[in-house]
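Chain by chain, the residues run as shown.
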Amino acid sequence: MFLRLFFKIRFIRKPPMVRKFSTCFPDIDIDYYCDVKNMLEIKRNIQDRKGIGDINKVQEMYSLYKDTQIGDLSHLSIKENLYKELAKLPNKTHPMVKGYTETPQVVHEINKKKDFGPHNPLEFSEITQHLNLMRTDKLGYTCGNKSYYYLGELAELEEALIKYTVFSLLKRKFQLVSVPDILSSNVLQSCGMTINNDRTQIYSLDPVHHGPDLYLSGTAEMSLAGLLTNTVHSEKDLPLKLAAVSRCYRAETSNLVDERGTYRVHQFTKVEMFAVSTPQNSDEMLEYLRETQEELFSPLDFHMKVLDMPPHELGAPAYRKYDIEAWMPGRNNYGEISSCSNCTDYQSRRLNIKYVNENKLKYVHTLNGTACAIPRMLIALLETHQDPKGKINIPSVLQPFINSKKFIVKNSNVPKLKLMKLKK
Amino acid sequence: MKDKDLIKAELKKRQLEIDLNKIENLWSAYEELKTRKLEYENKKEKISKELSVMIKNKQEGNHFEKLKIQINLLKDNIKKLKEPLWSIEELAILEALKLPNKLHNLTPELYDQIIFEHGVKPNNNKDHLKVGKEKNLIHFIKNENYYLKDDAALFELGAKFYFSQILKNNSYIQFSNPDFAKSLVIEGCGGDHTNSDSTFILHHNEDTKVNADSRLHLTGGGSLYSFFAYHAKNVLYDKVFPLKYFSMGRQYSPSPVKEDSLYHVSQSSVIQIFNATRNEAELNDVLHSNIDLIKKLYTQLGYHYRLSFVAADRLNMWESLRLAIEMYSSSQKCYVEVGNISMSEDFISKRLMFTYTEDKQYKFPFVLSGTILNVPKLLACILEQDDEFVLPEQFGIDNWCTVSTM
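It should be emphasised that the depicted structure is a prediction, and the values quoted were computed from it without experimental measurement. (Residues numbered from 1 in each chain as written. Chains lettered and ligands numbered in written order. Predicted model: local features only at pLDDT ≥ 70, side-chain atom pairs only at ≥ 80, totals over all residues. Heavy atoms only, no water.)

Enquirer: So what's going on with the overall build of chain B? Which residues, and what values?
Expert: Assigned secondary structure in chain B consists of 10 helices and 16 strands. Relative to its length of 406 residues, chain B is extended, with a C-alpha radius of gyration of 27 Å against a globular reference of 22 Å. Sorting the 406 residues of chain B into buried and exposed places 53% on the buried side. Sequence-distant contacts in chain B: of pairs separated by 6 or more residues, those separated by 24 or more amount to 74%. When the accessible surface of chain B is totalled, it reaches about 19500 Å², and 50% of it is carbon and sulfur. Computing the positive centroid from 53 side-chain charges and the negative centroid from 56, chain B places the two 7 Å apart. (Helix = DSSP H or I, 4+ residues; strand = E, 2+ residues; numbered from the N terminus. Rg over C-alpha atoms; globule rule 2.2 N^0.38 Å. Buried < 20%, exposed > 50% of the residue type's maximum accessible area, 1.4 Å probe, protein only. Contact = heavy atoms within 4.5 Å. Areas by Shrake-Rupley, 256 points an atom, 1.4 Å probe, with all protein chains shown as cover. Lys, Arg positive; Asp, Glu negative; His and termini not counted. Charge placed at Lys NZ, Arg CZ, Asp CG, Glu CD.)

Enquirer: For the pattern of salt bridges, give the residues involved together with the corresponding values.
Expert: What the rule picks out here adds up to 40 salt bridges over all chains. Residue glutamate 272 of chain A pairs with lysine 270 of chain A through a salt bridge whose shortest N-O separation is 2.7 Å. Using a relative accessible area of 6% as the deciding quantity, one classes lysine 270 of chain A as buried. Here aspartate 76 of chain B makes a salt bridge to lysine 80 of chain B, at a shortest N to O gap of 4.0 Å. Separated by 4 residues within a single helix, aspartate 76 of chain B and lysine 80 of chain B lie in helix H3 (residues 62–97), roughly one turn from each other. Classification of lysine 80 of chain B by relative accessible area gives exposed; the value is 59%. Three or more residues joined by partner-sharing salt bridges are found here, namely Arg278, Glu282, Glu358 and Lys363 of chain B. (Salt bridge = Lys/Arg side-chain N within 4 Å of Asp/Glu carboxyl O.)

Enquirer: Could you give an account of helix H7 (residues 224–231) of chain B, naming the residues involved and the relevant values?
Expert: One turn of an α-helix holds 3.6 residues; hence residues three or four places apart share an orientation. Most of H7 of chain B is tucked away, with 7 of its 8 residues classed as buried. Lysine 233 of chain B occupies a position one or two residues after H7 of chain B and carries a positive phi of about 60°.

Enquirer: Account for the domain arrangement of chain A, with residues named and values stated.
Expert: Each domain of chain A was delimited in the assignment, giving domain 1 (3–90) and domain 2 (96–408). Summarising the inter-unit geometry, the C-alpha centres of domain 1 of chain A and domain 2 of chain A are found 31 Å apart. (Domains from an automatic or database assignment.)

Enquirer: Please set out the sheet that holds strand E6 (residues 200–201) of chain B residue by residue, giving values where relevant.
Expert: Strand pairing in a sheet is mediated by backbone hydrogen bonds. Such pairs are either parallel or antiparallel. Residues and elements named next belong to chain B. Strand order in the open sheet formed by 3 strands is E5-E7-E6, and the pairing between neighbours is antiparallel. Whereas interior strands pair on both sides, the edge strands pair on one side only; in this sheet they are strand E5 (180–182) and E6. Judged from the 2 bridges that link them, E6 and strand E7 (residues 216–218) form a sheet pairing that is antiparallel. Across the sheet, residue phenylalanine 200 finds its bridge partner in E7, namely leucine 218. (Pairing = 2+ DSSP bridges.)

Enquirer: Please set out the nonpolar core residue by residue, giving values where relevant.
Expert: Within the largest apolar cluster, 127 residues are counted, with the highest numbers of intra-cluster contacts made by Leu157 of chain A together with Phe155 of chain B. Beyond its immediate sequence surroundings of up to four residues, phenylalanine 155 of chain B is in contact with Val375, Leu378, Leu379, Ile382, Phe389, Leu391, Pro392 and Phe395 of chain B. In this structure, Leu151 of chain A together with Ala232, Met317 and Ile348 of chain B belong to the second largest nonpolar core, which totals 31 residues. (Core = buried A, V, L, I, M, F, W, Y, C linked by side-chain atoms within 4.5 Å.)

Enquirer: If you had to explain the packing of aromatic side chains to someone new, which residues and values would you point to?
Expert: For the coordinates displayed, the defined rule picks out 31 aromatic pairs over all chains. With a centroid separation of 5.2 Å and 75° between ring planes, the pair formed by tyrosine 203 of chain A and phenylalanine 180 of chain B is classed as edge-to-face. Highlighted residues: tyrosine 203 of chain A in the loop between helix H11 (185–189) and helix H12 (207–210) and phenylalanine 180 of chain B in strand E5, drawn from two different chains. The pair tyrosine 203 of chain A / phenylalanine 180 of chain B is uniform in exposure class, with both members buried. Centroid distance tyrosine 249 of chain A to phenylalanine 180 of chain B: 5.7 Å. Interplanar angle 20°. Geometry classified as stacked. (Phe/Tyr/Trp six-rings, centres within 6.5 Å; stacked < 30°, edge-to-face > 60°.)

Enquirer: Describe the domain arrangement of chain B, with residues and values.
Expert: When the parts of a complex come together, some accessible area is lost, and that lost area is often taken as the interface size. One can read the domain layout of chain B as domain 1 (19–97) and domain 2 (113–399). Between the C-alpha centres of domain 1 of chain B and domain 2 of chain B the distance comes to 49 Å.

Enquirer: Talk me through the interface of chain B and chain A; I want residue IDs and the actual numbers.
Expert: Of the residues lining the interface, 67 residues belong to chain B; the matching set on chain A comes to 68 residues. Together chain B and chain A conceal approximately 6200 Å² of surface at their shared face, both sides included; 60% is due to carbon and sulfur atoms. Inspection of the region where chain B meets chain A yields 4 salt bridges. Across the pair arginine 250 of chain B and aspartate 181 of chain A runs a salt bridge, and its minimum N-O distance is 2.6 Å. Where chain B touches chain A, the interface holds 34 residue pairs in polar contact (both at pLDDT 80 or more). The greatest single-element share of the side of chain B that touches chain A, amounting to 9 residues, is contributed by helix H5 (residues 150–169) of chain B. Here the residues of the side of chain B that touches chain A sort into 38 nonpolar, 18 polar and 11 charged. (Buried area = accessible area lost by both parts, 1.4 Å probe. Polar contact = N/O pair within 3.5 Å; in protein donor to acceptor, adjacent residues only side chain to side chain. Nonpolar A, V, L, I, M, F, W, Y, C, P; charged D, E, K, R; others polar.)

Enquirer: I'd love a proper account of helix H4 (residues 39–48) of chain A, names of residues and values included.
Expert: Residues and elements named next belong to chain A. Within H4, the full set of buried residues consists of Met39, Ile42, Asn45 and Ile46. All buried residues of H4 fall inside an arc of 130° around its axis, so they share one side. In H4, those exposed residues whose orientation departs by more than 90 degrees from the buried face are Leu40, Arg44 and Gln47. Residues of H4 that are buried make contact with helix H3 (30–33) and helix H5 (55–67). (Arc of directions from axis to C-beta.)

Enquirer: For unusual backbone geometry, give the residues involved together with the corresponding values.
Expert: Residue and element names in this part refer to chain A. Omega for the bond connecting leucine 238 with proline 239 falls within 30 degrees of zero, at 0°, which places this linkage in the cis form. By the element assignment, proline 239 lies in the loop between strand E7 (231–234) and strand E8 (240–249). In this structure, lysine 173 takes a positive phi of about 70° despite not being glycine. Note on placement: lysine 173 falls in the loop between helix H10 (153–171) and strand E4 (175–178). Judged by its relative accessible area of 66%, lysine 173 is exposed.

Enquirer: Give me the lowdown on the side chain of glutamate 358 of chain B, citing residues and values where you can.
Expert: Its place among the elements puts glutamate 358 of chain B in strand E14 (residues 355–358). With residues up to four places along the chain from it excluded, the contact list for glutamate 358 of chain B reads Asp238, Arg278 and Lys363 of chain B.

Enquirer: Explain the packing of H4 of chain A against H5 of chain A to me, using residue names and the numbers behind them.
Expert: Residues and elements named next belong to chain A. Running from N to C, H4 and H5 point in directions that differ by 140°, and their axes come no closer than 10 Å. The orientation of H4 with respect to H5, classified from their angle, is oblique. Of H5, the residues touching H4 (which contributes Met39, Ile42, Lys43 and Ile46) are Ile55, Asn56 and Gln59. Of the residues in the contact of H4 with H5, the class split is 4 nonpolar, 2 polar and 1 charged. (Axes fitted to C-alpha atoms, helices over the stretch in contact; angles between N-to-C directions. Parallel < 35°, antiparallel > 145°, perpendicular 65-115°, else oblique.)

Next up, the structure:
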């Protein structure tokens, strides 16, 4: 999902190196996008998705491109401009989703909202404060704002969630991959992907000290896509199902009251799923990923709803996307805990990922989905399973992964700190 | 500077070229200015008291005027001293901060001292990157960018979980730490926060002006920095000690060499331990219990390893003692430090104001810390063993949960 940010801005600024090689142009489906017959459909799609891109401009450039001889000096720059415009266009939209208007379609709801009776459920930050399970205060001077430490059994619960998730994915025959969190632009640019330095959503290493091309990964989806760049798969090996546990870094900030505390943080651990399939199987694969998410989350016993997202929520790469929102009783609101998308050939054309079908090379379809994003998962768990007596019940499915503990109690093993007052 | 000879001897053992005379000169100049300023201030206070009495009694005349001139002169002098005092203070303190920690009596002088050995070293010419490629376990692009696949990826998680479990069984408390640290923490831990070879410095993407002393560094939640970032400028009660914490996370540091190898990668999954005690005697006890724990952790895995105290000249300036956990690398033809524990005693605590109160006094805790597991280094050594690589049984997913029927 995070990738859409990168794809949205690709080709806006291209390094001179890449400019020289025409082979770096992504193989965008010109036959479809430049056919006048499809103009109306493409135009409506852009409108519905509230996306960027201008199909009229694409048409203009395409006719100019067709009329220019290959030997002509301006040929390359015209081609470049054409592809710059083409790259902005969003993916096609699933026919069912096309009909949705502004709001997501609720596919179904899972588990009932927990009844707290006369008690007022507390927020995650209040629970962790009472039980001494997290520190977030006064960390700006030593590790930057919005930093957090999970303490004692909350850190154990994080580990239990990772174990439970990976354990379950391995049983479903996902292949585990350990990915780099620092990505050089080489990986991203190997097929022309560029990152804009000025985007504050992405952390980068200081270009003066470490060179200009090192960025902190926002999701394992990026590094897994990097791993698959320029690969050819045989049809019998598909679908390919990968899983990775990684740290994710996001520089974005939010001043929304609803997103206070650890709801939106700069760094967190996430288990991610990534799948590669044949075009005919990708719809089915998306359903499989969604079912996997539901099977992972349902036993955790919080209330959630599964949403089929409307066109304007898809970003550029997704053809169809499901989000799952968990009920967070303390926040008294739903919060997105996962999403999964079918990107069809949007990524594979840009990353050059193919498979062999009847001795021909064809583009695969790629899909991705969250298996467990720790901070929000912990919010949903603690807020749902808080007990007014001052403990947290651990869902039985997680207990084997946390030494058979049945609940989390007040942490008296980590002493409270007191900030020093310095005399001046 | 009282034990100048001792400091000189220790600098020699560490093979550090630090000009003690320079520090001494700066320091005495600083002390001198400070004394002079204090004298002026005392005089000023005396006169101002005298003056206030005179004003109360409405006494005026020559003496009164004389005192007024004197006090103005003193004020002037104090003001003039301010800047030179500040600059020499900064110079003297910066220079003094370069002085290393004192050495622990267990730190050997010339050569590492092996204190424990298990098994026999492998005898082959294997190279972990070749083995990893053949078995499709490692996709290595460069030291800054590599992937572990299948059993190697399982190895990463399984090793962490195995260590985590045994630490918890031994009354260690788990932490999950942030990955960023500010420059002051790097400097306080004895690092050079302006040196991009020692830590990754993040791009400053805010509108404010760049301040070289207040950058964000990507160090990892499995680094010592993250534990000191937690404790810096904070006070604890004496009753809470000893502290036994650990974190499971990443460690990021710029690759020291060009040669491609899992021994030199810039991203590692690790287990970091952090112990704090009230004094040296308690810290020595903690050292020995940790050595026992390390033996338990590594002996169960069954591979050849050894434990040694590192010679003074190989210590970092903040370390008074380091125990290296070493395994033999068939490709490097030497022992590699796959893990370690270090004593910093109260050296970093003092610099980062990590304190506790005892008898109504502020004191500095003694700290022992270490990366007791470094996944890529351990994996590399295990891939270079004589036997074919198999995932150690302790790391397998059947050991991730307590109920085997899952």
